[in-house]
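# Working through the structure, step by step
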Amino acid sequence: MPSEWPALPYEMWSATCDTLHAHTQVLGKLAVALAPPEPQLQHAALRLSARGWETLPLPAPDGSGALVVALDLRSHQAVAEHTDGRMHRVPLTPDRPVGEVTREVLAAVGDLVGAVQIDPQPQETPWTMPLDEDYEHATYDSAHVAAYFAAATQAALVLAAVRAPYRGRSSPVNAWWGTFDLAVSLFSGRPVEPPSDGFITRNAANAEQIEVGWWPGDGRYPRAAFFAFAFPAPEGLETATLSPPAAHWDTAMGEYLLDWDDVRVAPYPHRAGLDFGRSAVRHACTVSGWDPVLATSAEGVTPPVA
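Residues numbered from 1 in each chain as written. Predicted model: local features only at pLDDT ≥ 70, side-chain atom pairs only at ≥ 80, totals over all residues. Heavy atoms only, no water.

### A closer look at the overall build of the protein
In plain terms, the rule: Elements are defined by DSSP. Helices are runs of H or I of four residues or more, strands are runs of E of two residues or more, and each kind is numbered from the N terminus. For every residue, the accessible area obtained with a 1.4 Å probe (protein chains only) is divided by the maximum for its type, and the residue is called buried under 20%, exposed over 50%, and partly exposed between those limits. In this description, contact between two residues means that some pair of their heavy atoms is separated by no more than 4.5 Å. Here, Shrake-Rupley sampling with a 1.4 Å probe gives the accessible areas, and only protein chains in the shown set may cover a residue.
Broken down by element type, the protein carries seven helices and 13 strands. Here the protein, with 306 residues, has 53% of them falling under the buried criterion. Summarising the internal contacts of the protein: among those between residues at least 6 apart in sequence, 61% fall at separations of at least 24. Surface exposure of the protein reaches about 13,600 Å², of which carbon and sulfur atoms provide 56%.

### Section: the environment of Pro-91
Here Pro-91 is to be found in strand E6 (residues 87–91). Expressed as a C-alpha distance, the spacing of Pro-91 and Val-101, which sit 10 residues apart in the sequence, is 8.0 Å. Filtering out sequence-adjacent residues up to four positions away, Pro-91 remains in contact with His-76, Gln-77, Arg-96 and Val-101.

### A few points about the pairing of strand E2 (residues 52–55)
For clarity, the threshold we go by: Strand pairing is assigned whenever DSSP identifies at least 2 bridges connecting the two strands.
Across three bridges, strand E1 (residues 46–48) lies against E2 in antiparallel orientation. In the sheet register, Leu-48 faces E2, and the bridge partner there is Trp-53. The pairing of E2 with strand E4 (residues 66–72) spans three bridges and is antiparallel. Bridging across to E4, Gly-52 finds its partner in Asp-72.

### Details of the side chain of Ser-279
Selection rule: Any pair of nitrogen or oxygen atoms within 3.5 Å is treated as a polar contact; in protein, a donor-acceptor pairing is required on top of that, and neighbouring residues in sequence qualify only through side-chain atoms on both sides.
Mapping Ser-279 onto the fold places it in helix H6 (residues 269–288). Classification of Ser-279 by relative accessible area gives buried; the value is 7%. Side-chain polar atoms of Ser-279 contact the backbone nitrogen of Ser-243, separated by 3.3 Å. With residues near it in sequence (within four places) discarded, Ser-279 still touches Leu-242 and Ser-243.

### Examining the pattern of salt bridges
Here is the rule we go by: Here a salt bridge means any side-chain nitrogen of Lys or Arg lying within 4 Å of a carboxyl oxygen belonging to Asp or Glu.
One pass over the full model with this rule turns up nine salt bridges. Linking Glu-100 and Arg-96 is a salt bridge whose minimum nitrogen-to-oxygen distance equals 2.6 Å. The residue Arg-220 makes a salt bridge to Asp-218 at a minimum N-O spacing of 3.0 Å. Because the salt bridges share partners, they merge into one network encompassing Arg-47, Arg-51, Glu-54 and Glu-81.

The structure is reproduced here in structure tokens:
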């Protein structure tokens, strides 16, 4: 059965990925600058919406209302919009360098809500050129972006279905700027001992965590894939046989993986991704010794409220 889920070979879109990566960092840095997170709860900076990547509504520093900044991956433009209806659009094209787009986006935000300063140093990248001075990264292939966005949307729907029945504390389907990872985290409510000072771990407020997510490929693992892990990693985590059979434990990553290509050629791709997430959560709950009421959510049926 031909799949309607798009192929996403990393080598095809890696140059576009670098440019889009930088653009998303600008959004994430604006989110941090305008709405600093709580000291011990690091919220993801961006969300995947029906139009692409966007910030949550951010308070305007001039007190005039709220602001949202988005990368519209359908119309291929950066958008800054104010709650009073004003809007600026910055085109994303194959030959526009990151530095030029960055300065235009900051100027648009400044016109709407007043000047905003961001840290221009990129994160999670092998380059150090400040974002507002970067003329090296200028590859924006709209066809590659469309394939990525279609895949990310399908993956987000799978993750939302994994999250939906969970009883306990969970995160929405979030993303860390720059990496394109999508993930939903489930928490047991028990604290991790000793507490961690790691950035990612603090997102869970040092609670035990099971995470199921998706990435489009990166330098460590250059294939799109669903992933799953538990933190702290319990003894026996790596011993499961998950569903579907193509799912496997990757020792180097310390995670279960299900390659995107194996999902998209399945007779029912959505079901394949969902089976992976649910079976990973079910196994992780068992070996982590989580409350059975929480673990029951892995079956996709909301357990009764006590």
